[in-house]
Amino acid sequence: MPLSRRGRGSRLAGSRAATSSLPRATALSPKSAGRGALSISHAQLLTRRRHSSEQVPPESEPQADFRSGKWLQEPATGDARDSRQALRARMSSKHRICSQEEVVIPYAYDNDSGSVDLELSNLETIKKGSSSIELTDLDIPDIPGLHCEPLSDSPRHLTRQDPLNEAIVDKLIQSIQRGFSGELKGELEKLTFLGSLSSLSRALPYDETTESFIHSHIAHIVHTLNVLVQEERPHSLSSLVRQEVFVTIADLSYQDVHLLFGSEDRAELFSLVIKSIITLPSVRTLTQIQEIMPNGTCNTECLYRQTFQAFSEMLQSLVVKDPYLENLDTIIKHLDPWLQSVKDHERERATASMTQVLKCLSRHLSLKLPLRFQRLGHLVALMALLCGDPQENVAEEAAESIHYLLHITLRLKYIIHDKKNQQNLKRALTKCREFLELYSSAAKCFYSCPFRIAQVFEGFLDSNELCQFIMTTFDTLKNLNHPCIQRSAGELLLTLAKNAESRFEKVPEIMGVICAQLSIISQPRVRQQIINTVSLFISRPKYTDIVLSFLLCHPVPYNRHLAEVWRMLAVELPNTTWILWRLLRKLQKCHNEPAQEKMAYVAVALLMTLLIQIHHSIGLTMSDVDIPSGLYTEQEVSSEVTPLCFAMQATKTLLLRTCCLQEFNIMEKNKGWALLGGKDCHLQGVFLLANALLERNRLLAQKVMYLLVPFLNRGNDKHKLTSAGFFVELLRSPVAKRLPSIYSVARFKDWLQDGNHLFRILGLRGLYNLVGHQEMREDIKSLLPYIVDSLRETDKKIVLSAIQILLQLVRTMDFTTLAAMMRTLFSLFGDVRPDVHRFSMTLFGAAIKSVKNPDKKSVEKQVLDSLVPLLLYSQDENDSVAEESRRVLTICAQFLKWKLPQEVYSKDPWHIKPTEAGTICRFFEKKCKGKINILEQTLIYSKNPKLSVRRSAVLFVGLLSKYMDHNELRRMGTDRIEDDLRDLLCDPEPSLCIITSQTLLLVQMASAEPKPKQRVNWLQKLMGRSSA
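Residues numbered from 1 in each chain as written. Predicted model: local features only at pLDDT ≥ 70, side-chain atom pairs only at ≥ 80, totals over all residues. Heavy atoms only, no water.

What follows deals with helix α32 (residues 717-730). Its 14 residues give α32 an end-to-end C-alpha distance of 20 Å, which sits within 8% of 20 Å, the value for a rise of 1.5 Å per residue. When you tally the buried positions in α32, you get 11 out of 14 residues, the bulk of the element. Along α32, the positions that sit buried rather than exposed are His719, Leu721, Thr722, Ser723, Ala724, Gly725, Phe726, Phe727, Val728, Glu729 and Leu730. One side-chain oxygen at the N-terminal end of α32 lies 3.3 Å from the backbone nitrogen of Lys718; it belongs to Asn716. (Helix = DSSP H or I, 4+ residues; strand = E, 2+ residues; numbered from the N terminus. Expected span 1.5 Å × (residues − 1). Buried < 20%, exposed > 50% of the residue type's maximum accessible area, 1.4 Å probe, protein only. Polar contact = N/O pair within 3.5 Å; in protein donor to acceptor, adjacent residues only side chain to side chain.)

Dropping the structure here:
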């Protein structure tokens, strides 16, 4: 006996190559309302004949394309199934689609306007108990724009087909199994596999073998389809495979075999098939690609339209039987990112697909409890915003979606209402009817206006759905490519807040999103609308405390955007009094806390805000800021008053009012206020205040440290620098070792590489405070390469900070890092900055002490090379540098196991006591002989900019030429030595000129050849005596 089945040629969507029998825009749809109605004529006649597999002679009358408004025409060639089989038969000759054929996009039948029955006469069959008696379907308003028509409970156009015999079923199963084994290499094999799977689905209702095979191989089917879709070219369309995948999934869905719901691999397949069609290039681009690279006789535009129709039908097949709306919820989840795509053609495709889904669902709606639809508020907001999309096609598709969504919403709310909310639903229905009657004569005007749509839907959304609506609307504010979408979002927010302000529950979350998104909104009108939304919330007593608590205590960036919210709040006078009273109560409660809690919430955030404001106000005048009109008269504002004065006075007042008297006193005594207001010393003032807080109120300082973490990455550089300066000083607290390294060491690593030298200073200062905690040293050691690199900085503060940290870690360094550091430090000997010079020698000495016995031989050369510089700098005119040089020279001697003569430790200059200098010279000449060229090293320092070092170097050269082996000196050559010394004869310092001339004479004498002595033998000596 033949069994009924959803036919391939006349299912819900009609043929695969043509549009769905759930039609696109009809004469009275929101789209056609604005474009003009199309008469039911030749296209519909063609559709009827095509659905009945009749041959129709070609006609030349053009038909409107269902998507882009282009005009296409095609001679119909019978049932779509026959055409596909003919196409497959021609695959071997590479003529897959006749280039001369184009597709007819059929329209609905005369009695199929695509409308829905919003009188809901069949709602009386829905039994919900006695609670639903008072509310009847007569309360459901008509939706303007479409004719009313009874809802069908099942798909129309069902055909009766003969069942498959056992032999055919076996062949189909074998064909499918070959596909599972990986034999799908060519396009023909892939199409054969998909056709077999689709055909086999016909036997599911009556054949147990088929049912068992299909259900036991679901995983294989899903995997194979996944592979087939992935193998399709993502940026071109040249085969039927993608289209046949959609058809196969639809065929199985009609038999209640869902390949896209359930497990993770099915969800992955769903995402993949959506992406494969939505992300294709636009039709124009696809056509251009075909013109550049022709692919046989394939008509790309025709193939695209067939493929998209198959995709739309696939989505519709998922919601034909969806009583709990869980399938709709999943479809929205997967289409959501594409509905918000920045690419116009992707957004248009996603919107058109959603329209078809909602249209199909509205025509076959049969709801059952419990409903699992969780995205109503999100979907309403998204489609309402798309109604204002700058792309006309997207806006028209969204308007049609809103039409069907409103019908679905009415039915949904009707079935789930109970006695408690029956009156609310009645009021919402009455309000809805009033709006719809108002716009019944201007349907297009209604559907193209997002805030009017919000007015209609608002009464039907519960508190959770309202929050979804708000969050979705805020999310679209990030769409900077389309200012009109921002404007629509602002209108939606304000409309919803005005009409449903009493039903919001998640106001803190909404406030958080407002503060987060305000900085990216550039349009003044939209900013004002959002601030007006805050005004509505704070004016309502139910939300006043919530909004105040959030604005005062929530870790948001306290910058000009949040200040604008406070400044631009628009509330009526009675509400202003109420808000100020609640604000005062909150501050009093905060002040009644124990002493260590006083600033923990409001005052801490306020203190940081004021310090940041001080930083921003440095250098500004009153003409640089906007003063609210009427706040001051011209006579009241002195010319000496600046924005910095206001910020400074507010900070002082805050410290005094929060009983931080000792901290205030420390700032007064140490000129902290002047430091805070200085352009180059602002951070010094911040350090002073932070240290005062840490010294006088340790527990409060520890809380401030934790509260500062959110500030460190917010705002501009001035904002960050002030927060960071306060933060790094508080790291001296013992509690700092409990901070996760991501908030301390990892952050300082980024600062050490920052282009702003102030951040590098703060990074090193923070590390220095942390290195005092033994537990943190191991983490800090990972930053040693960055710290050593800081020694090469030109900024004195950076170099000194790096040296201070390295002094703490030098004993734990590995030899490679130690040797690299010693080479860098050696280059700092003689630095013109006395502190850098002195501390570099200090660290060098500490490094020598830290060298382990196995590594001493490797650094001996570095130690020997440092002897002459240290010896000469012991004569530096800066006493601290000279003293440190002698101390480190002693460390070097101990390393080399030498005992220095006592004359080295004399503080008298060498040129005053040349005898002592001679002793020192003889010692070093003897010890260094054969190890380093001590004379050449000394000569280098004869050009040192410091007089004391130049003079000592010249004197030492003269003494060396006197005491060293003259033959060795002559082998070395003295010409260069003499040239360098002659240059110094013109030095303006007389003492240096005298010492230079004496040294030059000693060098010349040492280099001169001695006269040969006359040899006299013993006989001559004897005769000489005799004659005498």
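What follows covers the side chain of Thr300. Locating Thr300 in the fold gives a position in helix α11 (residues 300-319). Residue classification places Thr300 among the buried residues on the basis of a relative accessible area of 5%. Once you skip the residues sitting within four places of it in the chain, Thr300 turns out to touch Leu237, Leu286 and Gln290. (Contact = heavy atoms within 4.5 Å.)

What follows deals with helix α9 (residues 264-278). Across its 15 residues, α9 extends 21 Å between first and last C-alpha, which sits within 8% of the 21 Å expected from 1.5 Å per residue. Buried residues of α9: Leu269, Phe270, Val273, Ile274, Ser276, Ile277 and Ile278, and no others. Along its buried surface, α9 packs onto α7 (218-231), α8 (241-254), α11, α12 (326-339) and α13 (344-363).

Another aspect to go through is the packing of helix α46 (residues 975-984) against helix α47 (residues 990-1007). Close contact between α46 and α47 brings their axes to 9 Å; oriented N to C, the two are set at 160°. When the axis of α46 is compared with that of α47, the two are roughly antiparallel. Between α46 and α47 the crossing geometry is left-handed. For the pair α46 and α47, contact is made by Ile977, Glu978, Leu981, Arg982 and Leu984 and by Cys993, Thr996, Thr999, Leu1000, Val1003, Gln1004 and Ser1007, respectively. Residue composition of the contact of α46 with α47, grouped by class: 6 nonpolar, 4 polar and 2 charged. (Axes fitted to C-alpha atoms, helices over the stretch in contact; angles between N-to-C directions. Parallel < 35°, antiparallel > 145°, perpendicular 65-115°, else oblique. Left-handed = near helix turned anticlockwise from the far one by under 90°. Nonpolar A, V, L, I, M, F, W, Y, C, P; charged D, E, K, R; others polar.)

By convention here, two paired aromatic rings are described through the distance between centres and the angle between planes. For the coordinates displayed, the defined rule picks out 16 aromatic pairs. Judged by centre distance (6.2 Å) and plane angle (85°), the rings of Trp898 and Phe923 are edge-to-face. One end of the pair, Trp898, is in the loop between α41 (879-896) and α42 (914-928); the other, Phe923, is in helix α42, with 25 residues separating them in the sequence. Here Trp910 and Phe956 contribute two aromatic rings whose centre-to-centre distance is 5.4 Å and whose plane-to-plane angle is 25°, an arrangement assigned as stacked. Placement of the pair is Trp910 in the loop between α41 and α42 and Phe956 in helix α44 (residues 947-963), with a sequence separation of 46 residues. (Phe/Tyr/Trp six-rings, centres within 6.5 Å; stacked < 30°, edge-to-face > 60°.)

Turning our eyes to something else, we now look at the environment of Val283. Relative to the elements of secondary structure, Val283 occurs in helix α10 (residues 283-292). The spacing of Val283 and Arg305 is 22 residues in sequence and 9.1 Å in space, taken between C-alpha atoms. Contact partners of Val283, with chain neighbours within four places excluded, come to Glu301, Tyr304, Arg305 and Arg349.

Moving on, we come to the pattern of salt bridges. In this structure the tally under the stated criterion is 27 salt bridges. Its salt-bridge partner being Asp908, residue Lys913 comes within 2.8 Å of it at the nearest N-O pair. A salt bridge links Arg982 to Asp979, with the nearest nitrogen and oxygen atoms 3.4 Å apart. Of the two residues, Arg982 and Asp979 both sit in helix α46, 3 residues apart, roughly one turn of that helix. (Salt bridge = Lys/Arg side-chain N within 4 Å of Asp/Glu carboxyl O.)

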